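Breakdown of the fold
Listed here are the chains, written in short residue letters.
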Amino acid sequence: MGKLQSKIRRRSDLYRTNREEGAESVPANQVVQYEPAHTDAINCVTTISPDLCVSGGSDQAVVVYNWRAGKLHRSLQAHTKEVTKVKCVSGTNLIFSASRDKTVLMWDLYSGEKPLQEFCGHELVVNGLDVSPDVSKICTGSRDNSMCLWDIESGECLQRKTISRNLVTHVCWVPGGTSIAQTSEDKTIKVWDSRSWQISNTFPAKQYIQTHCAVSANSNYLLSSSNGFGGQGCEATLWDLRQPGCKVVEYRGHLQTTACCIFIPGSQGATPMVATSSHDCSVKIWDQNTAACLCTLVLAGSGPLASLAPCDGGGGLLCASFNTGMHLLHLSQGAGLQLCEVARF
């Protein structure tokens, strides 16, 4: 606890954001503080069950945390450098983690302290990681300009392709299909065919590095987020996957790099929404179709907000920060849409 607090004090001055009109500040006395999940910056978060989330951080740990109870469930230690991405498989106990140590590890949520499988072959940090819909393969991407396809059971690298300047930032398997979307520091989005391991489409290059991508549950749309500074770049973009390269809308309003973008699960007929988190310490909720910003929450002193994951059926959001741990947020309909912080850990 003390170590995390000391990091907050030392690092919070590095990242400041201007208060935006209408942005909600966080009343500290209304936010529950649980035992911290990590002792350093948190880089990524996802969920594995209705109660458990999985996160990876600069402390080299993969942490399983009960966000409802505010209790540490497990801490998995095997990486030798910071964890960059985590991925879980719905309906299974499998957890995958990527790291700056150039490896990807596979864990079982309830089986032992050691990883079940290790995937080695990249030459630099692994920034992209996702699992095939049939849970037989994983896809990884790295700053070594390569994309790899692996057999989960054997750990064998089935396919590898290196493309000049393709410094991978994120990968996302299209639900129920054979396509994989990939963002890169070359400012493009590429779509791969996992059967031929060839690029099937490349979207028009953006102005800035593309940091993250997500695909809608119906596989029709893709979100990408952009690097930037001073309000230049810093946007998220909605693309139509049925018309590759067709830009639908852009979500503009962040002042620094938009690090993560996700679709918010919702009930049928509800207004479709997306969420973004940024290095400007803010989380924004947008109308997916009109790109109107519906609400903004500023987490003062949090530093860059690196990752988002929906929880609790879409009404909850988990937000990973560099300085102040994991934030549990709640999205509610009252007198208009409201986003507030409930707890942090």
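Note on numbering: residues in each chain are counted from 1, in written sequence order. Owing to the predicted nature of the model, reporting of local features is limited to residues with pLDDT of at least 70; listing and counting of side-chain atom pairs is limited to 80 or more, with chain, interface and lining totals taken over all residues. Heavy atoms from the whole structure form the basis of all side-chain values; hydrogens and water molecules are not counted.

By the naming in an unreviewed UniProt entry, the protein chain is WD repeat domain 31, taken from Anguilla anguilla.

A run of H or I in DSSP becomes a helix once it reaches four residues, and a run of E becomes a strand once it reaches two; helices and strands are each numbered from the N terminus. When helices and strands are counted, the protein chain shows one helix and 31 strands. Overall, the protein chain is about 50 × 45 × 40 Å in size when its C-alpha atoms are taken along their principal axes. Type-normalised accessible area, obtained with a 1.4 Å probe on protein chains alone, sets the label of each residue: buried when under 20%, exposed when over 50%, and partly exposed for intermediate values. A burial count over the protein chain gives 56% of its 345 residues as buried. Contact criterion: two residues are considered in contact whenever any of their non-hydrogen atoms come within 4.5 Å of each other. Residue pairs in contact within the protein chain that sit at least 24 positions apart in sequence constitute 44% of those at least 6 positions apart. Accessibility throughout is a Shrake-Rupley quantity obtained with a 1.4 Å probe, and a residue counts as covered only by protein chains that appear here. A total accessible area of about 14,200 Å² is found for the protein chain, and carbon and sulfur atoms account for 47% of it.

Moving on: the pairing of strand S18 (residues 210–215). Within S18, six of the six residues are buried, which leaves the element mostly enclosed by the surrounding structure. Direction of pairing for S18 relative to strand S19 (residues 221–226): antiparallel, over a ladder of five bridges. The residue bridging Gln-210 from the neighbouring strand is Ser-226, located in S19. Where S18 hands over to S19, the hairpin turn is made up of five residues, of which Ser-219 adopts a positive phi near 65 degrees. Two strands qualify as a pair provided DSSP detects at least 2 bridges between them.

Turning to the sheet that holds strand S15 (residues 179–184), a few remarks are in order. Judged by pairing direction, the sheet is antiparallel, and its four strands sit side by side in the order S14-S15-S16-S17 without closing on themselves. Looking at which strands have only one partner, the edges of the open sheet turn out to be strand S14 (168–173) and strand S17 (198–202). Averaged over all adjacent pairs, the angle separating strand axes in this sheet is 30 degrees, with direction ignored. Where S15 and strand S16 (residues 189–193) come together, five bridges link them in antiparallel fashion. Bridge pairing links Thr-183 to Ile-189 in S16. Inter-axis angles, ranging from 0 to 180 degrees, are taken between N-to-C directions of lines fitted to C-alpha atoms, where helices are fitted over the stretch in contact.

UniProt positions are given in the numbering used here, feature names are shortened, and annotations may be inferred rather than shown by experiment. Under the UniProt annotation, "repeat: WD" (unreviewed entry) lies at residues 76–117, 119–160 and 168–202. End C-alpha atoms of residues 168–202 are separated by 14 Å, and the span's content is 0% helix alongside 63% strand.

Quick look at the pairing of strand S30 (residues 326–334) now. When strand S29 (residues 316–321) meets S30, the two strands line up antiparallel, connected through five bridges. Following the sheet pairing, Cys-319 is matched in S30 by His-327. Hairpin connection, S29 to S30: the antiparallel pair is bridged by four residues, and Gly-325 has positive phi, about 80 degrees. Summarising the sheet, S30 and strand S31 (residues 336–344) pair through eight bridges and their orientation is antiparallel. If you follow Ser-332 over to S31, its bridge partner there is Gln-338.

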